[in-house]
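Listed below are the residues making up each chain.
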Amino acid sequence: MLEFVSKLFKSDAGLRHTVDAVNALEPEIQKLTLSELQGESDKLKGEIRAITDWETQKESLNHMVPRAFALVREAAKRTLGQRHFDVQVMGGAALHEGKIVEMRTGEGKTLVGTLPTYLNALAGRGVHVVTVNEYLAKRDAVWMGQVYHALGLKIACLVHDGAFMYDPQYSGLPIEASAKAGNIPDQPLREGGLIDKERDTTGSFAVQSEYLRPISRGEAYRADITYGTNHEFGFDYLRDNLAYARSQQVQREPHFAIIDEVDSILIDEARTPLIISAPDRASSDAYKTFARAVARLEKDQHYTVEEKLRRVDITDEGIDQIEKMLSVKNIYAPENLRLVHYLQESLRAKELYLKDRDYVVKNPSTGGGQGPEIIIVDQFTGRLMLGRRYSGGLHQAIEAKEGVFVREESRTYASISIQNYFRLYRKLAGMTGTAETSAEEFDKVYKLEVVTIPTNKPMVRADASDLVYKTRKGKYDAIVAEIKERHAKGQPVLIGTVSIEKNEELSRALSNGGLKHEVLNAK
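Residues numbered from 1 in each chain as written. Predicted model: local features only at pLDDT ≥ 70, side-chain atom pairs only at ≥ 80, totals over all residues. Heavy atoms only, no water.

Visitor: Explain helix 13 (residues 285–295) here, please?
Guide: When helix 13 is considered as a whole, its buried residues turn out to be Ala286, Tyr287, Phe290, Ala291, Ala293 and Val294. Looking straight down helix 13, one finds that the buried residues subtend no more than 165° of arc, so they occupy a single side. Exposed residues on helix 13 whose side chains face more than 90 degrees from its buried face are Asp285, Arg292 and Ala295. Buried-residue contacts for helix 13 involve helix 14 (316–326), helix 15 (337–351), helix 16 (394–402) and strand 14 (409–417). (Buried < 20%, exposed > 50% of the residue type's maximum accessible area, 1.4 Å probe, protein only. Helix = DSSP H or I, 4+ residues; strand = E, 2+ residues; numbered from the N terminus. Arc of directions from axis to C-beta. Contact = heavy atoms within 4.5 Å.)

Here it is, written out as structure tokens:
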């Protein structure tokens, strides 16, 4: 315990020392013009890239912390109109040291990330900033991209089936539209132009796509800084491992990653497998046959379900029933092993994977194909995972259950868990508003220390204790009563649920209570 407290105070003292060093340089850096800022950045970049050995480079980067952070702070002031607070500099220093930083919601973690991202990008080995969704990858590449660009670095972002480079000289607008936006033809999105001013105002929530130039995947990874989701980085790693030649690979050696909402990605999704598969055999009518058969089986009588272990086991009575329905003498005979696989996946599809919770049935946006299809819902974000399919025949079993077209089974060619992928990085850091509760797991699994950064101003938000109800109806009645009380005071209310199913249940309760509301979910 004493060792832990000692480490805590030592860490805090070190971070405050960094803040003092950065503040001491501010008067000098403030006098530089924008071009001189980039010149200073180029000097640091040239100095660090002249060193080829990583250990020596790492030592040099540590010495550069105060000057590099001071440059980023000034560049952010000039481009974003935002100056890093001292506590944000502390957070940046902790991230550079390869730690997990806990900062309260609203304390500016996105801006904090620019400090260690810039510093480590100077080494030229590539820095990956991992976001929880594609929207944030694009938003942050454009919003924070102007800071890095002012310091002479290249910024890219990855999206599903594509990639973009941050480029102020590029415009997705025709010249006429660009001129109407208050820009001059050769500098359509110049600093101070109307689109740039709009970005500075709306950058925290809107993506100014005019700044994003389409590029190849390989070019995105060759940029100094690359934004993307954990899935995009992970799947590119798998695809690279399936490539026949080095020229077909896009990634460089995993060097440094900063993960936003790190507890969600490294703890909640840690064991989620990323799988690359390809069609293996034609879809089988057997899935439709077994979907009809298991629909007639009774839970607890013909099979048992273990929700916690995600298992469904058929009973002896269930086996007899299935053999009778299929006119099969012994379903476990060697020649019928394939039928056991169909049965197992059909039972899992029936009991463990539920419509509007784990997946939705939806017509593809392209308008082609064979009608409605099964689209997986991300259990952590509630977003649709377009193009993703369950493996091992489970997706086909769900398709048969829902009565949609059953597509080919797939064969797995490459797979890695989120946890194992991020352990490949030479250096790892992360940010979140809730890290302390997972501090022990971060330490045991990833050898990452958690540092809590104080708020810039005293905390005024009241964090109430959880309320537990005996019944779902009692909980919904209490929610309706609470919302009515808030509405009477003119307060808007945002409600989060764990699934689409619960989302719709609560919506019905609100409607029954006479409360007007909007529903937002993956459907």
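Visitor: Would you explain the nonpolar core in this entry?
Guide: Side chains of a nonpolar character, in soluble globular proteins, are inclined to be buried together. Judged by nonpolar contacts, the single largest core of 64 residues is most densely connected at Phe69, Tyr118, Leu119, Tyr148, Tyr227 and Ile453. Excluding anything up to four places from it in sequence, tyrosine 118 contacts Ser41, Leu44, Ala68, Leu71, Val72, Tyr148, Leu151 and Leu153. Core analysis: the next-biggest nonpolar cluster, separate from the first, contains 36 residues, Ala156, Val250, Leu274 and Ala439 among them. (Core = buried A, V, L, I, M, F, W, Y, C linked by side-chain atoms within 4.5 Å.)

Visitor: Can you help me understand the sheet that holds strand 3 (residues 155–159) in this one?
Guide: Sheet strands pair via backbone hydrogen bonds, and the direction of the pair is either parallel or antiparallel. An order of 5-4-3-6-2-7-15-1-16 is seen for the 9 strands of this open sheet, with the pairing classed as mixed. Each edge of the open sheet carries a strand with a single partner, namely strand 5 (212–214) and strand 16 (450–452). Between one strand axis and the next, the sheet turns by 25° as a mean value, whatever way the strands run. Two elements, strand 3 and strand 4 (residues 162–166), share 4 bridges in a ladder whose sense is antiparallel. Counted as the bridge partner of valine 159 is glycine 162 from strand 4. Along the sheet, helix 4 (residues 86–96) makes contact with strand 1 (100–102), strand 7 (256–260), strand 15 (427–432) and strand 16, crossing strand 15 at roughly 145°. (Pairing = 2+ DSSP bridges. Axes fitted to C-alpha atoms, helices over the stretch in contact; angles between N-to-C directions.)

Visitor: Whenever I open this one, the sheet that holds strand 13 (residues 384–385) confuses me. Can you help?
Guide: The 3 strands are arranged 11-12-13 in an open sheet whose pairing can be described as antiparallel. What marks the edges here is a single partner per strand, and that holds for strand 11 (359–362) and strand 13. Pairing analysis gives 4 bridges linking strand 11 to strand 12 (residues 373–377), with the strands arranged antiparallel. Bridge assignment links lysine 362 to a residue of strand 12, and that residue is glutamate 373.

Visitor: Sorry, what's going on with unusual backbone geometry here?
Guide: Peptide bonds are trans in most cases, and residues, glycine excluded, mostly fall at negative phi. Phi is positive for glutamate 261, which is not a glycine, with a value near 50°. Mapping glutamate 261 onto the fold places it in the loop between strand 7 and helix 12 (262–268). A residue is classified by how much of its surface remains accessible, and glutamate 261, at 31% relative accessible area, is partly exposed.

Visitor: Explain the side chain of aspartate 358 to me, please; I cannot follow it from the model alone.
Guide: With respect to the element layout, aspartate 358 can be found in the loop between helix 15 and strand 11. Of note is the side chain of aspartate 358, whose polar atom sits 2.9 Å from the side chain of arginine 357. With sequence-adjacent residues up to four places away left out, aspartate 358 is seen in contact with Leu352, Tyr353, Ile376, Val377, Gln379 and Tyr390. (Polar contact = N/O pair within 3.5 Å; in protein donor to acceptor, adjacent residues only side chain to side chain.)

Visitor: Looking at this model, I keep getting lost on helix 14. Mind explaining?
Guide: An α-helical turn contains 3.6 residues, so a residue and the one three or four places further along point in the same direction. By the burial criterion, the buried members of helix 14 are Gly318, Ile319, Ile322 and Glu323. Angular distribution of buried residues about the axis of helix 14 spans 135°; they occupy a single face of the element. Summarising the contacts, the buried residues of helix 14 are in contact with helix 13, strand 10 (311–314) and helix 15. Serine 327, located one to two residues past helix 14, shows a positive phi value of around 55°.

Visitor: So what exactly am I meant to see when it comes to the packing of aromatic side chains here?
Guide: A complete count under the given rule lists 9 aromatic pairs for this structure. Ring geometry for tyrosine 221 versus phenylalanine 233: centroids 6.1 Å apart, planes at 65°, classification edge-to-face. On the criterion of sequence distance, the pair formed by tyrosine 221 in helix 10 (residues 217–222) and phenylalanine 233 in helix 11 (residues 230–242) is long-range, its members being 12 residues apart. Accessibility expressed as a relative area gives 1% for tyrosine 221, which makes it buried. (Phe/Tyr/Trp six-rings, centres within 6.5 Å; stacked < 30°, edge-to-face > 60°.)

Visitor: Please clarify how the pairing of strand 9 (residues 303–306) should be interpreted in this entry.
Guide: Regular strands show a simple pattern: their side chains alternate between the two faces of the sheet. Across the two faces of strand 9 the burial differs, with Tyr303 and Val305 buried and Thr304 and Glu306 not buried at all. Inspection of the sheet shows strand 9 paired to strand 10 by 4 bridges, in the antiparallel sense. Along strand 10, the bridge assignment pairs threonine 304 with aspartate 313. The antiparallel pairing of strand 9 with strand 10 creates a hairpin that spans 4 residues between the two strands, and arginine 310 there sits at a positive phi of about 55°.

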